[in-house]
Structure formats: C-alpha cells, structure tokens
Amino acid sequence: MLRWIRQQLGFDPPHQSETRTVYVANRFPQHGHYIPQRFADNRIISSKYTVWNFVPKNLFEQFRRIANFYFLIIFLVQLMIDTPTSPVTSGLPLFFVITVTAIKQGYEDWLRHKADNEVNGAPVFVVRSGSLVQTRSKNIRVGDIVRVAKDETFPADLVLLSSDRADGTCHITTASLDGETNLKTHYSVAETSVCQSVSQLEALQAVVECQQPEADLYRFVGRITVTQHGEEIVRPLGPENLLLRGARLKNTKEIFGVAVYTGMESKMALNYKCKSQKRSAVEKSMNTFLIIYLGILLFEAVISTILKYAWQAEGKWGEPFYNQKTEQERNSSPILKFISDFLAFLVLYNFIIPISLYVTVEMQKFLGSFFIGWDLDLYHEETDQKAQVNTSDLNEELGQVEYVFTDKTGTLTENEMQFRECSINGTKYREVNSKLVPEGMTDDSPDGSMPHLIGEELLFLQAVSLCHTVQISYDQPDCLVGGDPFSHANGFSSNHMEYYASSPDEKALVEAAKRIGVAFTGTSGDTMEIKTFGMSEKYKLLHVLEFDADRRRMSVILQTPTGGKVLFTKGAESAILPFTTSGEIEKTRLHVDEFALKGLRTLVVACRHFSPEEYIDVDKRLNAARTALQQREERLQEAFSYIERDLQLLGATGVEDKLQDKVQETIEALRLAGIKVWVLTGDKHETAVSVSLSCGHFHRTMNILELLQQSSDNECAEQLRRLARRIKEDHVIQHGLVVDGASLSLALREHEKLFMEVCKNCSAVLCCRMAPLQKAKVVRLLKTSPEKPITLAVGDGANDVSMIQEAHVGIGIMGKEGRQAVRNSDYAIARFKFLAKLLLVHGHFYYIRIATLVQYFFYKNVCFITPQFLYQFFCLFSQQTLYDSVYLTLYNICFTSLPILVYSLFEQLVHPHVLQNKPALYRDISKNALLSFRTFLYWTLLGFCHAFVFFFGSYILMGEDTSLLGNGQILRANRQLMFGNWTFGTLVFTVMVITVTLKLALETHFWTWMNHFVTWGSIAFYFIFSLFYGGIIWPFLHTQDMYFVFVQLLSSGSAWFAIIIIVITCLFPDVMKKVVYRHLQPTNTQKSQSLSASQTQTLSCVESMCCYQHGQSGCSRLARLLEQMTGQCKASANNCHASSRSNRSWSDTENFYSNDRSILTLSPIEATHC
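Residues numbered from 1 in each chain as written. Predicted model: local features only at pLDDT ≥ 70, side-chain atom pairs only at ≥ 80, totals over all residues. Heavy atoms only, no water.

**Some remarks on the overall build of the protein chain**
For the protein chain, the count of helices and strands is 42 helices and 35 strands. When burial is assessed residue by residue, the protein chain has 52% of its 1170 residues classed as buried. Relative to all contacts within the protein chain whose residues are 6 or more apart in sequence, the contacts with residues 24 or more apart total 73%. (Helix = DSSP H or I, 4+ residues; strand = E, 2+ residues; numbered from the N terminus. Buried < 20%, exposed > 50% of the residue type's maximum accessible area, 1.4 Å probe, protein only. Contact = heavy atoms within 4.5 Å.)

So this is what it looks like as structure tokens:
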C-alpha cells in the first residue's frame, strides 16, 4: 500500500541496479534466499487523471494560470469583506470557465482511459504450468513466455525464443512505432530456436540479463544464459533479438518470446513524449497586456481610495444622516479601513481583466484547428492523406514565420530513388536496356544475348547485391512460412517477389543489380543467395556491421562459395575513401563529384579480403564487443574501426531522387512573403547545391558563397571575414551561402556573431553534411538571436525530429522515412507544396482572427468598467455599483461572447486565392504587427473614449430629462424617483452592449449567416433577457432592484433617442477614420480587398451556380436563364463568363472560387470554361 502511495505521488525510487535479471518462465533459483526483483505490470496508462485525483489535480493545474488564480483571490475577498458587488459576479464566471475547461479535459482523459482499457484487456496466450493459457494483456508479467500469432501485435517487449521456422527467425513491421513499412528480420539464439512446442519451452532453463528500460527503440544490450546438460551457454542479445511492443508479426505463423519489459517500462511507452510546451508570440503579447491592465486596475483602485478619503475629510460628507457610522467603524484602524476600501474598489473594477478571454481563446484555437484538416487543398489524393494538427496552440504562429528550415531528402524530393549511373574501377557506366554500358558507348548487342561482365564489374554488382538489409516479400500467402525460401527462386520471376528496404537507396541499388543480371533471391538462416545470370551462388552471412550516423557506412562479412572470407562495405564517400588503400581512388573521387553535380545521391562501395588468421581475430573482437554488458557501443565502434580499414575500392553509385511537385513555386512564394528558406541536409555539398539550384532555392544569378572544409578556428574566422567583406562590396547582388557540417561546428564554437551576420545578409543558406543535432543547433542559433525571429522546421525523417522540436513551429511531412517526424511535429502535411497555403492562407487568417479577438476583449472590458469608475465621482466613491450584479455576471459570458467567437473562427480579410496569388501580403502581418504596442494603445484609448461617451452622453441626454415616460406626466420633483441609479446604469449598459457589438460588426469583412445570427441575435437576446428579468418578480432573488426598470426605460421615446445618438456618436468617427485611411493611406491588404471586391462584384451567387460543374439542379437551370437574360452568361451549355464590366477571364487551369466563400472548404470550384 505504501509503495502504491509513493508511486501515485511520483516518489517511487528508480531501479538501483543497472541491469535486470529475467528468469524465463519465472523459474526462479531454488537454492539460497532469492528475492525476486519487482517489475511494472503490463498495464498501459496514457491518462492523466483517476476518479480519485481528477478534482484536486485538475483544479491545481487550472489555478496555476494567473488569470484564474487572480479571480479566485477576488472571489475570496468578496466573501471575506463587505464589497459593493455580490460574490456571485466573480464566482459564477470563474465557475463557468473552470467547469468548461474541466469538462473538456475530463472528456479527453475519458477517451484515453477507454483506449487504455481496450489495449489492457486484449486477449493473449501465455505458457503457464505446461500449457497455453489465455489471459488479458495487463496480466503479463516479466519472465512470462508469450505466444504471438501472424498479424498480431506484440503485447510487451519480448526477447525472441523461437518461431515456427527451423532457423528461429521471424519478420515484423514497426509501422506503428517509426512508420517504416518494410519487413525486418529478427533472430533467436540457436539454443532456444529448437524449442517450438509448449512442453519444450516449459523445460527450458534460461536467464536473460539486460539493461534497465530506456526509450531508444534501436538500442538493446543483453545476454541470455541457457543451461543444457548442466553446461551454461552464454549468447549476446541485441536489437535484432528484441520484439517491441506495438510492432506486428508478418509472414510468420507464430513465435514464442519471453517478456523483458512490460507496461509503462516498454520502449513504446517510454517514447510517449511529453513535448516541451511551445508558446506563441500572441500568447506572450496577451500576458503583457494583462499585466498592463492589472496596472490600470490597481491605479484606478488606489486613486478611488485616496479620493474617497480626501472628499470624506470634509465634515459634510464624512457621516451623512442616512448612513451614520457604528461605534465599531469609528474605532477601527485607519490602515485596515484603507486596505478594506482598496480591496472593495479592486472588486468593483476587477472586470477590466477579462476572465473569459482564456476560455474563448482556447475554444477558438481548438475549433479553428479543424479547418486545416477539412481543407481539401491540403489533401493528397494519391496517398489518401489529409493535413493533421497535433497541437492547436500554435495556429496563429503560422502567420508569423520569418525563417523556414527544411530537410532535402523526402521533404523537397520524393524519396523515390532511380539508379542512373555508376563508376566501376575508374570507368563510368550507365544503365541502358537493363545492361551496363560504359560512358561513350552505345548498347548495340542484340536483344536476348548474354552480357559479359569482367571481374571488377561482377565483384561490384555482387557487393551491391549482398551488402544491404533488404527483405523479400513473395506474392503467394505464407510462402515464407516454413520450407526453403530459395525454392521460390527456382521458378524466379519479377512477379513473384518484391524488395522491401528501410532505405530507398538500398532498394534502388538491389533492383538495378537484379535488372542487370545479379539478382538477390533471399536469405535462409545465415545463408544469402544471389543468381548471376541464372547461376545460383550461396554466401554464408557471418557478421553484419550495422549502419550508424557517426560511421555513415554499413558492412557485411561473408563466406564465399569457395570458402574465402570477404567484407563488403558501402557508405558516403567521406566515410569510405579515407580508409581505402587500393583501387582507382582519384578517378572514383572525380566521378562521385560529377554525379553530385548532376544532383544524384552518391554511395561508394569497397571490399576487403581476410586471411584465415585475420578473420579469427576479427570474429573474436566482434563477439567480445557484442557480449559486453558495459560500454557495448564504444567497444563495437572500436571493433568496427579496426575491421573497416585497408579497403579495396570497387566503385561508386549515382541514384536520382526526383523533386516533389511544385517545390520551386512554393519556395518562390515563401521568398516573396519575406520568409528566408534554409535547407539543412546530410548530403554532400555538390548534390545539395545541384538540388538547391533545381528547386529554386538558389538562383542561377545568385552569388554563391562557400564556407567549406575549414580545419581550424582561425581559418574559419578569416573565411567568414572575407565573406562578410564580399557581401558589403556586392550589396546589390543576392547572395547564397553553402556551409558544411565540419565548418559549421567551428563557426558555432567561437564565431557565432560573425557567422550570423553573414547568414542574415544572405537570401538563401544551404547547410550540407549535417548531423541531426547540428540541425537543431542551427535552429536554436537563429531562434535566440537578438531579433528573436519566429522559426519553422520541416522534415520527414527521424533525423529531423530534434530540429522540428527546437523550432517555434514544427511541420512533419508524411513521407517514406517513417512517422517519427509526424509524431513529434505540431502540424503534419503530405507534401512540401502544401506549406505555402498553410502559411500564406491559414497562418494569415489565424493570426488576424486571434489578434483582433485579444484586442477586442480588452476594448470591450475597458468600455464595461470605465463608466463604473466615472460613476464613483458622482456617488462620493461610496463603492456603489452602476450595473446590476446579473449584468455584471453575464456581460462577458452571454451578451458579448458569441459574436467575437464566431468572428475569430470565420473572419477573412482577403479572399484565400488572393492571399496565395499575392504572397507579399504576408509581410503586412509579420513581426506581430497587429498586436504592436501602438495598436494595443489605439484599442485601449478607443475603449476609454467610448466609455466616456456612454457615461456622459447618458448623463447629459437623460440626467435632466423631465419626461422619462414620454407622456409628460412626471414632474421634475419626482425625477430622481423615476430616473434613479438603476435606470441610469441600465441605459449606459444598453448603449454599451449595442456599441461594442456593432463595433465588431464594423471590423468584420467576411459575413456568413452565422455572423449575422450571433451579432443581431446577441443584441436581441439582451433585450429579451432584460424584459424577462425585470418584468417578473423572481421568488428566489432576495432583492429585485431591476423590477420594471428596463420596461420603463424602453417606454421613453427620449431613451430610445439617447441610445441612437450615443451609438452613432461612438461609431461615426471610427467609420470616418476607416474611410479616410483607406483612401489616403491604404495598406497592401486594403488594396487587395478593393481589387478582390471589384473582380468579384459581378460574380454573384447566380453566376457561381452557372459555373458549377457538378450536381446541376433546377436552381442551376434557373440561374442560367437569369444570367442569359441579364447578358452575363452565354446560351452555350458549357460556357459562361462574368460581366464584361469586370474584364475578368478564367482559364481552364485556374482555380475558380465560389462567391459564397464557404470557410469549411477553401477549395476552388472546378469550372468548365469560366
């Protein structure tokens, strides 16, 4: 019980030991006093709350928000001291906000609980007491032997013991973990692979020792000790032996595995990443404005308190006959009285801080984020993928981006590789009609003749066919299950098999070798088979030296059919050429550079032949490193470096990666929008520069500056100074900068400022040979520079995750390099071209909507509370409230909340296609332009001005009125009776509700039926509510000050006249200002609005129907008839055009937008001939 409590509170200590010991089938040692280790159960918990902790935990989280905590304090003050307003006025809005947020978070957590229960209750089969027992997934314990059948997911992290294959291997896909759909082969150790029945597994005596749980999906260090006939056999365990929870079994009938990590200790659960909370620039501005308004509130409260005591110091005001002080009040401490009065004024004016701002902003972001997913222009039909939003907190940040950092492969390119050229032993070859043809020669051999390959060519193709991690999937079901996979190769044809690879390069190379005549036909156990022009050759796979980002190469050690031992290796030229000692090194280096200049991705291939003595040494080193439990990675790196040297260079390959559709147009649009694009890639610099030129990132007229192959700090600094001087001298020309990873490390170490100065003066920057962490460092460097620009990172692979998380906004591309980038991103899109609309249209809309929402909220609350402050001058600062407490409570919740919410969801300053066609409009809103201090000041002063007009306009027009009822029957002597405090306050409140609602209507450019409904509906609701509230005696109210006040007010003609005059007085200057500014100093956006309006004025709803291609109804035919009558539409069935006045012509390829401007689909309507 105590341990459970400690776990709930988060104090449960971590595992003390660095390793864990797992007894297979929980056969614990019988001798001695063995105390089993305690492990987590197999329940997955993704929820935040339980039934017991939901209320306290949720309340704690909500009151960490400053505004909520502030209103809680105000509410407590109202409860403790005698304040002018009821505690309900603060308590009810606070309760509403807290309740709405709690319901939303509770519902989301209930969904998580539901998903958890589904996973935890899934049926699984476990070996217990000599038989196969069905149980629930949550009941699996560490040490249990679990059986998993074909196409099932693994319920825990299992070490593979055996499969139905003789060699003990199985195929899995890890699509749900990292998005890779290729088949991966996992292995069991030879001693356990023979245990294929329950009885054999029950008799198995084995112990697994492994590291404690860690999040890295691709790292596992352990060993298994199997006891056979009294002898202990130790075998190493690595990632290839571990089956991860969430992966799926493929092409294998069943496997048995022992659970080593369960529940929240499984690698999948440890990868449930709590991303660091990103905050948008708007949110930071909002907090600044809140602090300013808090200052205004404190200032008003202090001034009111001081003036109260100053005025009441006069004898005639100190103690009026109708409100004489009690003895206790006379004797109370002046300081306490001052504090009490100050707190009372604080409560009276507290509505200047809008509590409902936060909940409205949250609802706007949450609901607004659906529009991205609904936008058909962001839907990719080929892959059936729509844009997805992983966090809605950053919607408006899409409209503020200044720098875009993008990966190249899979982001700008398709990641679909085609073999183009290769270099073998210093000779360049290209593929023609499935044959290798040397450069300068043509393929003149007759079709069907057997090509002749010389020794070097054959060895090169064998290396390409054998040095890889490619898997084969056959069309026939279960064809790999049991039996000899090579039997399928006997009737070999391309229809029977398909290659799967984690790297598209590998797949392209193996397919190319197969077309040329050296075909990889499969793996059986540790035997790899290739067919060289129909002749089968079998190689024994001895060791695989896996690829890693530091070495940038991968190798295999094989035993040839003749018994020799050979190492084949392939990788980047910088990772292979320094270790080669023979072969045409210089020629190959030149060919690699030529391939790169053509934009091809290059790989270098080499080999090394071992003598028997050398191989024994190599084998010993590898086995020692692989069985080490401590520092295994370091020892493996040492062993790999020792083996991968003295290489014989065989040649190089050039593979083409096609550019994605519309990449050039997208980059150009971003540049016109004032956004600088940086490309960060791992490719060599020639390849990267070639792709940059072809995609429009670099222009042909651009002056390309280079910071490459710098070897020392001084050299790097001198080169940076030279580049800076060159930029100053050629300030007219556009510059592009190319940096490589090594030079970047030196530049960032000592010369950050100089490097940043050069970069900022370049219109495009290309960083090549970048490691993943270097990408993140570059983003951080820009992010933390003095200008604090908003950054956006785009990538599609696991190597882009650190960059995506570092940037203000992270975009994942749903590519072929897995889903890790998508899972860790804020937004995900299917293609790079969608980035233009995401930023230029959605970003623009989200920003103007939320910027206006924030400013308007502060404006309407200044309008609301300033008359309350002014009223104190007329009631001797007695803290008398101007408005009824119900009005105080409902002003922000009901009367003025819906119009601004609907505005913030649907507003469009300019039509979407205008924003896309004129990217420069994006500059109008950059650098948080709509939330600048000047704009904030304008809205605040406007609020104060309107409040003064509300108060003094009502006072002047109605304060001396003798005919409130409009029939002249009320005498002046009775004026105060009829026109009292509540009537005056209600008049001010009525004018205020109408004015702030109409002010928003003036700001609205894009009217939908919903805007009309909530705008006029809010005003109508206020009148209807007030009539009911004041027209009926409500039995549950203690006092009813408002009884018949509203009815009496509206029955006066002069009251209606006052309302109209005051509203016009407030809004007329605002209208005039808009008209004058629009004509004398129009912004680019306003010019575009005028242009858009003139172009679409004749594009009526009728014409939209005329041009609609699908689903033509009777209404459409009527529309056609009307258009023909008005001369706007030709009689032809398939042709229509706009009025000649607009001179608007539409081509077949242009997007045509309907005039109803439906926000739900910002997609063009296809026109036949408009």
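Having put the structure on the table, let's press on.
**Side note on the environment of alanine 624**
With respect to the helices and strands, alanine 624 occurs in helix H20 (residues 612-626). When the C-alpha positions of alanine 624 and alanine 639 are compared, they lie 9.3 Å apart, and in sequence the two are 15 residues distant.

**Observations concerning a nonpolar patch on the surface**
There is a patch of nonpolar side chains on the surface, built from Ile1060, Ile1064, Phe1068, Met1072, Val1076, Tyr1077 and Leu1080 and spanning about 710 Å² of accessible area. Positionally, tyrosine 1077 belongs in helix H39 (residues 1053-1080). We classify tyrosine 1077 as partly exposed; its relative accessible area is 43%. (Patch = residues over 30% accessible without salt bridge, like charges linked within 9 Å, V, L, I, M, F, W, Y side chains within 5 Å. Areas by Shrake-Rupley, 256 points an atom, 1.4 Å probe, with all protein chains shown as cover. Salt bridge = Lys/Arg side-chain N within 4 Å of Asp/Glu carboxyl O.)

**Here we look at the confidence of the model for the protein chain**
Chain-level pLDDT for the protein chain is 78 on average; 81% of the residues reach the 70-or-more range. Taken together, the stretch residues 446-450 has pLDDT below 50 and engages in 3 contacts with residues farther than four places along the chain or on a different chain. A low-confidence stretch, residues 1096-1170 stays under pLDDT 50, and its non-local contacts, those more than four residues away or across chains, total 116 contacts. (pLDDT = per-residue confidence, 0-100.)

**A closer look at the sheet that holds strand E9 (residues 222-228)**
With antiparallel pairing, 4 strands are arranged side by side in an open sheet as E1-E8-E9-E10. Strands with a single pairing partner mark the edges of an open sheet, and in this sheet they are strand E1 (19-23) and strand E10 (231-237). Averaged over all neighbouring strand pairs, the angle between strand axes comes to 20°, with direction disregarded. (Pairing = 2+ DSSP bridges. Axes fitted to C-alpha atoms, helices over the stretch in contact; angles between N-to-C directions.)

**Structural notes on the nonpolar core**
If you look at the biggest cluster of nonpolar residues, it comprises 92 residues, and the most contacted ones within it are Val854, Phe864, Tyr883, Phe989 and Met992. Counting only domains with at least three residues in this core, you end up with domain 1 (43-121) and domain 3 (358-366 + 842-960 + 980-1083). Once residues lying within four places of it in the same chain are set aside, the contact partners of phenylalanine 989 are Phe864, Tyr883, Tyr887, Tyr891, Phe895 and Tyr1022. Among the nonpolar cores identified, the runner-up in size contains 49 residues, and Ile372, Leu835, Ala836 and Leu901 belong to it. (Core = buried A, V, L, I, M, F, W, Y, C linked by side-chain atoms within 4.5 Å. Domains from an automatic or database assignment.)

**What to know about the packing of aromatic side chains**
The full count for this structure, using the stated rule, is 53 aromatic pairs. Centre to centre, the rings of tyrosine 887 and phenylalanine 895 are 6.2 Å apart; their planes meet at 70°, and the pair counts as edge-to-face. Neither residue differs from the other here; tyrosine 887 and phenylalanine 895 are each classed as buried. By way of ring pairs, the aromatic residues Phe864, Tyr883, Tyr887, Tyr891, Phe895, Phe989, Phe1021, Tyr1022, Phe1023, Phe1025, Tyr1029 and Trp1056 are connected into one cluster. Sitting over the face of the ring of phenylalanine 125, arginine 147 holds its NZ or CZ atom 5.0 Å from the ring centroid. It is lysine 999 that lies over the ring of tryptophan 939; its NZ or CZ is 5.1 Å from the centre. (Phe/Tyr/Trp six-rings, centres within 6.5 Å; stacked < 30°, edge-to-face > 60°. Lys NZ or Arg CZ within 6 Å of the ring centre and 35° of its normal.)

**Some details on the sheet that holds strand E12 (residues 248-250)**
A sheet is described by the order of its strands in space; here 3 strands give the open sequence E7-E6-E12, paired in antiparallel fashion. Of all strands in the sheet, those bounded by a partner on one side alone are strand E7 (184-186) and E12. This sheet shows a mean twist of 45° between the axes of neighbouring strands, independent of strand direction.

**Quick look at the packing of helix H30 (residues 834-871) against helix H32 (residues 897-906)**
In the contact formed by H30 and H32, the axes pass within 8 Å of each other and the chain directions differ by 160°. Relative to H32, the element H30 is oriented roughly antiparallel. In this structure, H30 meets H32 at a crossing whose hand is right-handed. Contacts from Arg849, Thr852, Leu853, Tyr856 and Phe857 of H30 reach H32 at Ile900, Tyr903, Ser904, Leu905 and Phe906. Here the residues of the contact of H30 with H32 are counted per class, giving 7 nonpolar, 2 polar and 1 charged. (Parallel < 35°, antiparallel > 145°, perpendicular 65-115°, else oblique. Left-handed = near helix turned anticlockwise from the far one by under 90°. Nonpolar A, V, L, I, M, F, W, Y, C, P; charged D, E, K, R; others polar.)

**Some words on the side chain of threonine 866**
Note that threonine 866 resides in helix H30. Its relative accessible area of 2% is what places threonine 866 among the buried residues. Filtering out sequence-adjacent residues up to four positions away, threonine 866 remains in contact with Phe944, Ala947 and Phe948.

**Digging into the pairing of strand E28 (residues 647-659)**
In the sheet, strand E26 (residues 580-582) pairs with E28 via 2 bridges, with the strands oriented parallel. Bridging from a neighbouring strand, serine 582 pairs with glutamine 648 of E28. Direction of pairing for strand E27 (residues 600-610) relative to E28: antiparallel, over a ladder of 8 bridges. Residue pairing across strands places leucine 603 opposite threonine 653, the latter belonging to E28.

**Some details on H39**
Between its terminal C-alpha atoms H39 stretches 40 Å, which fits the 40 Å expected from 28 residues at 1.5 Å a residue. For H39, the principal kink sits at leucine 1067 and spans about 30°; a proline, proline 1069, occurs within the next four residues. Where H39 is concerned, the buried positions are Ala1055, Ala1058, Ile1059, Ile1062, Val1063, Cys1066, Leu1067 and Asp1070. Those residues of H39 that are buried lie in contact with helix H34 (933-958), helix H36 (981-1003) and helix H38 (1045-1050). (Expected span 1.5 Å × (residues − 1). Bend = angle between axes of the 7 residues up to and from the residue.)

**A few points about the pattern of salt bridges**
Inspection of every chain in the model, using the stated rule, returns 36 salt bridges. For lysine 775, the salt bridge is made with aspartate 407, and the minimal N-O distance between the two is 3.3 Å. Of this pair, lysine 775 sits in helix H27 (residues 772-783) while aspartate 407 sits in the loop between strand E15 (403-406) and strand E16 (413-424), and the two are 368 residues apart along the sequence. With relative accessibility at 1%, the residue lysine 775 sits in the buried group. The residue arginine 645 makes a salt bridge to aspartate 646 at a minimum N-O spacing of 3.2 Å. Note on arginine 645: relative accessible area 28%, which makes it partly exposed.

**What about the pairing of strand E2 (residues 123-128)?**
The pairing of E2 with strand E3 (residues 131-136) spans 6 bridges and is classified as antiparallel. Along E3, the bridge assignment pairs valine 126 with valine 133. The hairpin formed by E2 and E3 contains 2 residues between the paired strands, and serine 129 there has a positive phi angle of roughly 55°. Relative to strand E4 (residues 145-149), E2 runs antiparallel, the two sharing 3 bridges. Note on E4: the bridge partner recorded for phenylalanine 125 is arginine 147.

**Some thoughts on the side chain of serine 188**
Here serine 188 is to be found in the loop between E7 and helix H6 (190-193). A polar contact is formed between the side chain of serine 188 and the backbone oxygen of glycine 168, at a distance of 2.8 Å. (Polar contact = N/O pair within 3.5 Å; in protein donor to acceptor, adjacent residues only side chain to side chain.)

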